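Structural description and commentary
Listed below, chain by chain, are the residues.
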Amino acid sequence: MRRIQILPLLLAALLLFACGSPVQDGTSHGIGQDDVVVTVGSESVNAIVYRYQLAERLRTIKEHGLDDRDVYLSYIANPNISYVYAYYDTRTEEGVRALAEDLCNELALEAAAIDAGTKAGYRLTAQEQSYLYQAEENAQEALSALLQENGGAYESIEAFFAETGFTESLFTGMYTHSMQASILFNHLLEDYRAAHTLSEDEIRTGYARIVQETFRDRYTAGMYTQYLAYYLAGSRSFPSLYIPDDAIFVRLFVMTDPTDDDRAAIAQQAEADFDALYASEQNEFTVHGTAGDLAVAPGDELVDGLYEAAKTVAVGSVGSMEREQDGKTICYWFLRVAGETGTVSIDRYPGVRERIVSQLLGTACMDTLRAAVSDPATTTRNDDLIDWIIASQIGA
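The paragraphs below set out a description of the structure included in this document. Note that the coordinates shown come from a computational prediction; the quantities given were computed from them, not determined experimentally. (Residues numbered from 1 in each chain as written. Predicted model: local features only at pLDDT ≥ 70, side-chain atom pairs only at ≥ 80, totals over all residues. Heavy atoms only, no water.)

1. Points about the pairing of strand β4 (residues 248-256)
Within β4, seven of the nine residues are buried, which leaves it mostly tucked inside the rest of the structure. Note that β4 and strand β5 (residues 294-296) share three bridges and pair antiparallel. When the sheet's bridge partners are listed, I248 is paired in β5 with V296. Pairing of β4 with strand β7 (residues 328-337), which is carried by eight bridges, proceeds in the antiparallel orientation. Within the sheet, the bridge partner assigned to V250 lies in β7 and is R336. (Buried < 20%, exposed > 50% of the residue type's maximum accessible area, 1.4 Å probe, protein only. Helix = DSSP H or I, 4+ residues; strand = E, 2+ residues; numbered from the N terminus. Pairing = 2+ DSSP bridges.)

Okay, here's the thing in structure tokens:
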């Protein structure tokens, strides 16, 4: 079955946002149902849809406190939350305009994907057609959620349409248009990957850029451990591919409620052959084969207190610590080892290289759509209408 790769156009956010409070500007303000803000080839971005999504994003950012940078950085540190992916200080006009411009570009990319996919002659499979039917159902559920009887803000769907300028077909099309763009982009991407390969230099250069943008630039204390914990728990997200510069490294052996005899035997074996102990079935740190040498840094450690304990031990030496948890004594023996901080090797974790290559090819494919959006020969923008819509949301 073909896996649908959703364009970075916040389709998931549509499902969340549409159930919220009403658009802030309150009326259709004379925008016609056929008015468009951008046309790419044979496809266009409807002005009512653009204004609605802009207002909803601004509302959601404010509602979640994401206009505060510290809150925002904490929020995006969770790799399972991906629909807010760029920081905008929407308390300022500059921030609102930056968000609005990015949204306009995203919706234009949807139009470009549909235009390119249609011209390529792609035909939807039965499975892909079912995704469009599901998008229609999601739109109907979102409309229902807007009613006061379901916790929404409107007495009737007609009241929502009158206030926002939507029709039922236009609202439903907001969902199906985004899904159609994702399906057709998936076809474009499949063909692009089949026709293109990357050199090792291109892979490593792209990898360095991804690590810089995703991990280094966003790093806050605790992020390395958080990403690693998700990865060790089976998440499909990357582990942290950046190790803090002040980290040190240990190999870890764990046992719960050891007897005195256990303690003596383990302490002796740890000094004699720690690697054998580390790899043994006795080790309750069962993900050691995946985790490998564990990096710990101030405020960024998988086990509280491990950094403070390990930093007093020389490289090549064994140390130990214990702590109480849920009425049990958990004992840790560790071997301090040498290691490299900074960017992790692309081949350190299974599957990372393949996913990086896939991401780089996906970005390159998306760049062909960005080129179409920025080409005046294929794209027309109604800048006056765009500016008017943005101005209506500043301070709303």
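Having seen the structure, we can now continue with the description.
2. Some words on the sheet that holds β7
Taken in spatial order, the four strands line up as β5-β4-β7-β6 in an open sheet, and their pairing is antiparallel. Looking at strand neighbours, the two that pair on one side only are β5 and β6 (318-325), the edges of this open sheet. Neighbour to neighbour, the strand axes of the sheet diverge by 40° on average, direction disregarded. Set on the sheet, helix α10 (residues 260-272) makes contact with β4, β6 and β7; between it and β7 the angle comes to about 10°. (Axes fitted to C-alpha atoms, helices over the stretch in contact; angles between N-to-C directions. Contact = heavy atoms within 4.5 Å.)

3. Let's talk about helix α8 (residues 200-216)
Its 17 residues place the ends of α8 22 Å apart at the C-alpha level, agreeing with the 24 Å of an ideal helix rising 1.5 Å per residue. Within α8, the full set of buried residues consists of I203, G206, Y207, I210, V211 and F215. End-on view of α8: buried residues confined to an arc of 140°, all on one side of the axis. In α8, those exposed residues whose orientation departs by more than 90 degrees from the buried face are D201 and T205. (Expected span 1.5 Å × (residues − 1). Arc of directions from axis to C-beta.)

4. Observations concerning the packing of aromatic side chains
Inspection of every chain in the model, using the stated rule, returns 14 aromatic pairs. On the basis of an interplanar angle of 80° and a centroid distance of 5.9 Å, the ring pair of Y52 and F160 is categorised as edge-to-face. Of the two residues, Y52 is situated in helix α2 (residues 47-63) and F160 in helix α6 (residues 157-164); the sequence distance between them amounts to 108 residues. Taking the relative accessible area as the measure of exposure, Y52 reaches 4% and is therefore buried. (Phe/Tyr/Trp six-rings, centres within 6.5 Å; stacked < 30°, edge-to-face > 60°.)

5. Section: the pattern of salt bridges
Here the structure, examined in full by the defined rule, presents 16 salt bridges. The salt bridge involving R370 is made with D367; its shortest N-O contact spans 2.7 Å. Here the residue R370 and the residue D367 both occupy positions in helix α14 (residues 352-374), the gap between them amounting to three residues, near one helical turn. Overall, R370 belongs to the partly exposed group, its relative accessible area being 37%. A relative accessible area of 38% places D367 in the partly exposed class. (Salt bridge = Lys/Arg side-chain N within 4 Å of Asp/Glu carboxyl O.)

6. What about the environment of M174?
Among the structural elements, M174 can be located in helix α7 (residues 168-195). Taking the relative accessible area as the measure of exposure, M174 reaches 3% and is therefore buried. Along the backbone, M174 and Q53 are 121 residues apart, and their C-alpha atoms lie at a distance of 9.6 Å.

7. Digging into the sheet that holds strand β1 (residues 36-40)
Taken in spatial order, the three strands make up an open sheet running β2-β1-β9, and their pairing is antiparallel. Either end of the sheet is taken by a strand with one partner, and the two such strands are β2 (43-46) and β9 (379-381). Strand-to-strand, the axes of this sheet are offset by a mean angle of 15°, without reference to chain direction. Of the strand pairs in this sheet, β1 and β2 are connected by four bridges, and their pairing is antiparallel. In the strand pairing of β2, V40 is matched with E43.

8. Description of the pairing of β1
What sits between β1 and β2 in their antiparallel hairpin is a turn of two residues, with G41 showing a positive phi close to 60°. With three bridges connecting them, β1 and β9 associate as antiparallel partners. The residue of β9 that forms the bridge with T39 is T380.

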